[in-house]
Amino acid sequence: MRVLFVHSDRIAFEATAKADEAAEEAEGAGQNGDAERGTVPAAGELEDCVTAFVAVEPLDGSDVDAAVAAAKRELGDLADSLNTDRIALYPCPLLSDDRADTTTAATVLGRVEAALDGEYDVLRAPVGWHASFEVSCKGHPLSTGVRTVDPDRGADRERSASEWYLITPDGERRDPTATNADLGAALRRVVAAEVTGERPNAGPAADEGQSVAETLSRAGLAADSGPGAGRTWLPRGAFVRDRLTAYADDLVREFGGLPVETPRAYDLDAEAVRAHAAAFGGRGGRVDSGKRHLFLRPAHCLGHCSLLATADLDASDLPVRLYESGDAWNAPNSRDHHRSVDVVPEMHTAVADTGEAREAFRRQATLVREANAALETAAVPVLRVTEEFHAGHEEWVETLVADGDGPTLVEVVPDRPGCWSARLDLVATDAGGRSIETGTVRLDRETAARFGVEFSDGSRTRTPTLLHCSPTGPLDDALRAVLSGPEREGSELLTWLAPTQVRLIPVDGDHLGTCDDVVDRLTDAGVRADVDDRAAPVGDRLARADDERVPHVAVVGDRERNGEPLRVTNRATGRERTTDVDELARTVREATAAHPARERYGPRRVSETLAFGE
């Protein structure tokens, strides 16, 4: 399928006469004054839309389902990236020298219309007619373009075009689709999600339709942003976000990263920005500011490379590492309505050549593994390399796998889908079997050149190789992996991340003083503790602590008021144990020893906290 798209102020058309005996019946159209009826309008107009002139090809007819899925994804991505929910489909067989017959074209375009309808306002012109039309183009740098949409692209990734294999740390290669029972359930789930596209039954608790927003909302961390374009973090969520950001910042800074802050929007009239936007395939967003057309960054490489291009670099300055935490513009195929996401953090490293990049890649892969171990995500390493890179670096692949402590899933792609030649993703799965990328490092030999980044080696000027590294990936994805992974389904929020590490629940008001005393002692010991003093049944208060994934919960009654030890339930195990306050504090400190202590946000009594969306 070939598509010429135009970001339009207006498209209007009118079918005038059939060009083919197999032409669709069009509502209100007719020759010699005889009206005909059909499901497609003979005339129509649409404003502020993406106009897609489409040539359907025989390949599309050989697998209509795959062609429709690919077209829906491509056109939806375009509409989302151009901030419109209107799409006009106009048949234009002249775009291709290999055209499908009229009947096939009508079938495919009709199915595409039906797939888009409901998510977008769709207007379709009939197939097989001569027609007059008017289209007005908005005229910004990304307002027109051509796409080739192959049926295989309807999947999340072109699985049929890739070669996959598993490789163990001792160099053994295996077929990933084999049983591989000795390699663990987490790896088999990732293979199903990445290689075969299967969704194994994760049990009745699996919520196949749960989005990132729903996951965070159910944990009381975030809420629907309404008309906003970003995540709305509630007080507890703000704590978790800040805690995770601080951890990742410390990790990258200790690695040698230099903190910077760069703009969120870039001028599309700049050639490098325009080329970078095209390389991201429509990801990112576009806004108009007066006569300026701006591109909202999909990642931090745009700002970091622009900054590096202004530096007077020589070989002794390399490697140079810049990092930044902050928001970026989400990929338009996100299942959430929002588009802005937090990236925590993203580091870009400029090195002299591919040889140095390979060694830096290995060190940064260790950084990504360390971050995922801290998040307890049970993520699996997935190494993606181009055929060209793989052919000359198989020994390096084996060395990289040997650096880890388990098997790696390797994907060899025939054509580079982005700027990278090699990338290592840490991939977890949620309870519904969907992939979640929780960290990445990528080797990129193109982006630095695009922005004119150069260094001198003493005899000549050269372009460095670039590494992109995000130890945890986007904040949303990291938290989704923590909250909804099969290994952690129903467990506590990690103790070092939990806004409240211990919650006390008094049986009634007579026991509130005892709870306050315990909270004072725990707070002095560096533990984040609070009291649910609300006038609600104990069961309801226990349910709230469970929803908020508080790691340790104790109900305080007469025995505790009279000096007996606390009976504390550990959410991770569901077990209750008897312990005194000092021992409970030691338990929490031991679980968080690798992370600096942070005070909790907000009041220590739940009744004094503001409830949102209840």
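In what follows, the accompanying structure is described. (Residues numbered from 1 in each chain as written. Predicted model: local features only at pLDDT ≥ 70, side-chain atom pairs only at ≥ 80, totals over all residues. Heavy atoms only, no water.)

### With respect to the overall build of the protein
The condition that has to hold: For the purposes of this entry, the term helix denotes a DSSP run of H or I that reaches at least four residues, the term strand denotes a run of E that reaches at least two, and both are numbered from the N terminus. Exposure classes here rest on a 1.4 Å probe applied to the protein chains alone. A residue is buried below 20% of its type maximum, exposed above 50%, and partly exposed in between. The contact definition used throughout considers only heavy atoms, calling two residues in contact when any of these lie within 4.5 Å. Each accessible area is a Shrake-Rupley result for a 1.4 Å probe, and residues are judged covered by the shown protein chains and nothing else.
A count of helices and strands for the protein gives 17 helices and 31 strands. In the protein, which comprises 614 residues, the proportion classed as buried is 51%. In the protein, once contacts between residues fewer than 6 apart in sequence are set aside, the share between residues at least 24 apart is 76%. Just so you have it, the protein exposes about 26,800 Å², and 45% of that area is on carbon and sulfur atoms.

### A few points about the sheet that holds strand E24 (residues 455–456)
Using the following cut-off: For two strands to be treated as a pair, DSSP must find at least two bridges joining them.
Pairing in this open sheet of three strands is mixed, and the strands run E17-E24-E25 from one edge to the other. What marks the edges here is a single partner per strand, and that holds for strand E17 (313–314) and strand E25 (461–462).

### Re the packing of helix H14 (residues 512–524) against helix H17 (residues 581–591)
Keep this limit in mind: To obtain each axis, a line is fitted to C-alpha atoms, and for helices this fit is confined to the stretch in contact; angles are then taken between N-to-C directions over 0 to 180 degrees. When an angle is under 35 degrees it counts as roughly parallel; over 145 it counts as roughly antiparallel; between 65 and 115 it counts as roughly perpendicular; any other value is oblique. In this scheme the crossing of two helices becomes right-handed for a clockwise turn of the near helix relative to the far one and left-handed for an anticlockwise turn of less than a right angle. Residue type decides the class: Asp, Glu, Lys and Arg count as charged, Ala, Val, Leu, Ile, Met, Phe, Trp, Tyr, Cys and Pro as nonpolar, and the leftover types, Gly among them, as polar.
H17 packs onto H14 with a crossing angle of 45 degrees between their chain directions and a minimal axis gap of 10 Å. Here H14 lies oblique to H17, going by the angle between them. Like other packed secondary-structure pairs, H14 and H17 cross with a definite hand, here right-handed. Facing H14, whose interface residues are Val518, Arg521 and Leu522, H17 presents Val581, Asp582, Leu584 and Ala585. When grouped by side-chain class, the residues that make up the contact of H14 with H17 number five nonpolar, no polar and two charged.

### Comments concerning the pattern of salt bridges
Counted only if it meets this: Each reported salt bridge corresponds to a side-chain nitrogen of Lys or Arg within 4 Å of a carboxyl oxygen of Asp or Glu.
Within the structure shown, the criterion is met by 45 salt bridges. For the salt bridge of Asp242 with Arg241, the shortest nitrogen-to-oxygen distance reads 2.9 Å. The salt bridge involving Arg503 is made with Glu548; its shortest N-O contact spans 3.0 Å. Note that Arg503 is positioned in strand E27 (residues 502–506) and Glu548 in the loop between helix H15 (538–547) and strand E29 (552–556), a separation of 45 residues in sequence. The exposure classification of Arg503 matches that of Glu548, with both residues buried. One salt-bridge network, in which partners are shared between bridges, spans Glu194, Arg384, Glu411, Arg423, Asp425 and Glu437.

### Some words on the environment of Val122
With respect to the helices and strands, Val122 occurs in strand E6 (residues 121–124). Assessed through its relative accessible area of 14%, Val122 is described here as buried. C-alpha of Val122 to C-alpha of Leu89: the two residues are 33 residues apart in sequence and 7.5 Å apart in space. The residues contacting Val122, other than those within four sequence positions of it, are Ile87, Leu89, Glu113, Leu116 and Asp117.

### A short note on helix H13 (residues 475–484)
Burial of H13 is extensive: nine of the 10 residues sit out of reach of the surface. Buried within H13 are the following residues: Leu475, Asp476, Ala478, Leu479, Arg480, Ala481, Val482, Leu483 and Ser484.

### Observations concerning the pairing of strand E4 (residues 43–55)
One ladder, built from 12 bridges, connects strand E1 (residues 2–18) with E4; its direction is antiparallel. Directly across from Val6, in E4, lies its bridge partner Thr51. In this structure, E4 lies alongside strand E5 (residues 86–91), joined through five bridges in parallel fashion. Across the sheet, the residue bridging to Val54 is Pro91, located in E5.

### Things to note about the sheet that holds E29
Spatially, five strands are ordered E28-E27-E29-E30-E31 in an open sheet, and the strand pairing comes out mixed. Whereas interior strands pair on both sides, the edge strands pair on one side only; in this sheet they are strand E28 (529–531) and strand E31 (575–579). Pairwise comparison of adjacent strand axes, ignoring direction, gives a mean angle of 25 degrees for this sheet. Two elements, strand E30 (residues 566–570) and E31, share five bridges in a ladder whose sense is antiparallel. Note that in E31 the partner of Arg567 across the bridge is Thr578. Across the sheet, H15 touches E27 and E29, and the angle it forms with E27 is around 170 degrees. Lying over the sheet, H17 contacts E27, E29, E30 and E31, oriented at roughly 125 degrees with respect to E31.

### Here's the deal with the nonpolar core
To be explicit about the condition: For this analysis, a nonpolar core means a set of buried residues of the types Ala, Val, Leu, Ile, Met, Phe, Trp, Tyr and Cys, connected via side-chain atoms within 4.5 Å.
If you look at the biggest cluster of nonpolar residues, it comprises 57 residues, and the most contacted ones within it are Leu244, Phe361, Leu375, Leu383, Trp496 and Leu497. The element that contributes the greatest number of residues to this core is helix H9 (residues 354–375), accounting for nine residues. Here Leu383 is in contact with Phe361, Val397, Leu400, Thr408, Leu409, Val410, Glu411, Arg423 and Leu424, once residues within four sequence places are set aside. With 29 residues, the next largest nonpolar core counts Val3, Val56, Ala70 and Tyr120 among its residues.

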